Amino acid sequence: KNLSFESFLDTTKTNAFLVIRNGVLTYEWYKDGFTGSDRFPSYSVAKTMTSLMIGRLIEEGKISESDRFIDYFPKLANESAFDRVTIKTLLDMQSGVGVSDDYPTGPQGWGVAIAQMYATTDIDWFMKNNRKMSFEPGSRSEYRSVDTMMLGMIIKKVTGMRIADYFQEEVWEKIGSEFQATWNVDRIDGTEKTFCCFNASARDYGRVGMLFLNGGYAGSTKVISKDWLNRLTNPVTTLDHDWGYGAQVWHPYPNVSMALGLYGQFIFIDSTTRTVIVKLSDNPPGSDTEKATAEVLYAISQLKS
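Residues numbered from 1 in each chain as written. Predicted model: local features only at pLDDT ≥ 70, side-chain atom pairs only at ≥ 80, totals over all residues. Heavy atoms only, no water.

Draft legend 1. Representation of the nonpolar core in the model. M49, F69, M150, F198 and Y205 are the most contacted members of the largest nonpolar core, which totals 70 residues. Beyond its immediate chain neighbours, meaning those up to four positions away, F198 contacts F40, P41, S42, A46, M49, F167, W172, A181, T182, W183 and Y205. Membership of the second largest hydrophobic core comes to 20 residues, among which are L239, W243, Y253 and F268. (Core = buried A, V, L, I, M, F, W, Y, C linked by side-chain atoms within 4.5 Å. Buried < 20%, exposed > 50% of the residue type's maximum accessible area, 1.4 Å probe, protein only. Contact = heavy atoms within 4.5 Å.)

Draft legend 2. Main features of the packing of aromatic side chains. In this structure the tally under the stated criterion is 22 aromatic pairs. Measuring from centroid to centroid gives 6.4 Å for Y30 and F40, while their planes differ by 15°, and the two rings are stacked. With Y30 in strand β2 (residues 24-30) and F40 in strand β3 (residues 40-41), this pair connects stretches of sequence that are 10 residues apart. Given a relative accessible area of 17%, Y30 falls into the buried group. Geometrically, the ring pair formed by Y43 and Y263 is edge-to-face, given 5.1 Å between the ring centres and 90° between the ring planes. Pair noted here: Y43 is in the loop between β3 and α2 (45-59) and Y263 is in the loop between β11 (256-261) and β12 (265-270), with a separation of 220 residues, a long-range link. (Phe/Tyr/Trp six-rings, centres within 6.5 Å; stacked < 30°, edge-to-face > 60°. Helix = DSSP H or I, 4+ residues; strand = E, 2+ residues; numbered from the N terminus.)

Draft legend 3. Layout of the pattern of salt bridges. Applying the stated criterion across every chain, the model contains 20 salt bridges. With a closest N to O distance of 3.0 Å, D71 and R68 form a salt bridge. Classification of R68 as partly exposed rests on a relative accessible area of 36%. One continuous salt-bridge network, built from bridges that share partners, spans E28, E178, R203, D204 and R207. (Salt bridge = Lys/Arg side-chain N within 4 Å of Asp/Glu carboxyl O.)

Draft legend 4. Region of interest: the sheet that holds strand β5 (residues 198-200). Pairing is antiparallel across the open sheet formed by three strands, whose spatial order is β3-β5-β4. Only two strands of the sheet have a single neighbouring strand rather than two, namely β3 and β4 (182-183). Direction of pairing for β3 relative to β5: antiparallel, over a ladder of two bridges. Bridge assignment links P41 to a residue of β5, and that residue is N199. Sheet strands touched by helix α9 (residues 202-213): β3 and β5. Its angle to β5, the strand with the most contacts, is close to 110°. (Pairing = 2+ DSSP bridges. Axes fitted to C-alpha atoms, helices over the stretch in contact; angles between N-to-C directions.)

Draft legend 5. Inspection of the state of the cysteines at higher detail. Tallying each qualifying case throughout the model produces one disulfide. A sulfur-sulfur distance of 1.9 Å marks the disulfide that ties C196 to C197. Measuring handedness by torsion sign, the sulfur bridge of C196 and C197 sits at about -70° and is left-handed. Each member of the pair, C196 as well as C197, is classed as buried. (Disulfide = S-S within 2.5 Å.)

Draft legend 6. Summary view of the packing of α2 against helix α7 (residues 145-159). Remark: α2 packs on α7, axes separated minimally by 10 Å, with the N-to-C direction vectors making an angle of 40°. When the axes of α2 and α7 are compared, the pair comes out oblique. Of the two elements, α2 crosses α7, and the hand of that crossing is left-handed. Only S145, T148, L151, G152, I155, V158 and T159 of α7 make contact with α2, whose side of the interface consists of K47, T50, M53, I54 and L57. The residue inventory of the contact of α2 with α7, partitioned by class, reads six nonpolar, five polar and one charged. (Parallel < 35°, antiparallel > 145°, perpendicular 65-115°, else oblique. Left-handed = near helix turned anticlockwise from the far one by under 90°. Nonpolar A, V, L, I, M, F, W, Y, C, P; charged D, E, K, R; others polar.)

Draft legend 7. Region of interest: the side chain of K193. With respect to the helices and strands, the residue K193 is situated in the loop between β4 and β5. Of the side chains with opposite charge, D186 comes closest to the buried, unpaired K193, at an N-O distance of 6.7 Å. Not counting residues within four places of it along the chain, the set of residues in contact with K193 comprises M117, Y118, A119, T120, I123, M149, W183, N184, V185 and D186. (Lys, Arg positive; Asp, Glu negative; His and termini not counted.)

Draft legend 8. Just the environment of G23, in detail. Structurally, G23 can be placed in the loop between β1 (14-21) and β2. For G23, a relative accessible area of 48% translates into the label partly exposed. Residues G23 and R207, spaced 184 residues apart in sequence, show a C-alpha to C-alpha distance of 9.2 Å.

Draft legend 9. Highlighting α7. Compared with the 21 Å implied by 1.5 Å per residue over 15 residues, the 22 Å span of α7 between its first and last C-alpha is a close match. The element α7 is largely enclosed, with a buried count of 12 among its 15 residues. Residues S145, V146, D147, T148, M149, M150, L151, G152, M153, I154, I155 and T159 constitute the buried set of α7. Residues of α7 that are buried sit in contact with α2, α3 (69-72), α4 (87-91), α5 (113-119), α6 (123-128) and α8 (163-172). (Expected span 1.5 Å × (residues − 1).)

Draft legend 10. Highlighting unusual backbone geometry. Non-glycine residue K13 carries a positive phi angle of around 55°. Along the chain, the position of K13 falls in the loop between α1 (5-11) and β1. Its identity is not glycine, yet N22 carries a phi of approximately 55°, on the positive side. Of note, N22 is situated in the loop between β1 and β2. Look at N22 and you get partly exposed, because its relative accessible area is 49%.

By themselves these figures say nothing about function.
Pasting the structure below:
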């Protein structure tokens, strides 16, 4: 049915919505109680942020997509298919590590692995105790947040830095961010939860989206290499909703890249119209508005100026 745009924002529990067209912020809206300086959780939009760091490390020659996870964590080898998980299979949700993203409901739900990973105060302990496999790495594709967490562990190990500090130096400062961002960690002085827990302002999420339209550059500063931008903008497999996917980025339509988070977080990037849309929401658990919302964002991005 037809809805007014205001009703769409309300129905989909939107807290912030902005549109950037040809590098110009053409629309910006915040729900009462929120402002442009507020940090909004992104949930799995954090996965795309993690991929930006992986791309930097590959460009620097510090890692390769063919590297195995256990090359960096040999003590976690267990003589199973787990030992064959590579950075590439982690990037494309093809690792097969047996931590499903099926979030259950009710108090009993905290007993399943994905909920434990979200709540754990020790990521290293969690990985040590969750190395069972569901399928052979690379044999099929299934969206699993554990893949991105394992990428985060590699980033921390290779750089010898806090993930937040490496992200600050290699991405956040370079995009000309307007506000500070944060990562949730498993504990004080622990490890950032790279699969779920990055928090930033709506405008700064938009600045990340602009990198995709500007050849990986923010002004004259290169943030994403040409090769990695090509990796980010071309799907290699198909996941939920029959959307394309690759390197921690969704591709719901031709020439569209999208960072997507649980409860309605979007960075929607349409290269044909040079449009970035940021939508940050609070959809209730169990709601399924991703596909319908993406259709609306695509329609907006295709509007002629």
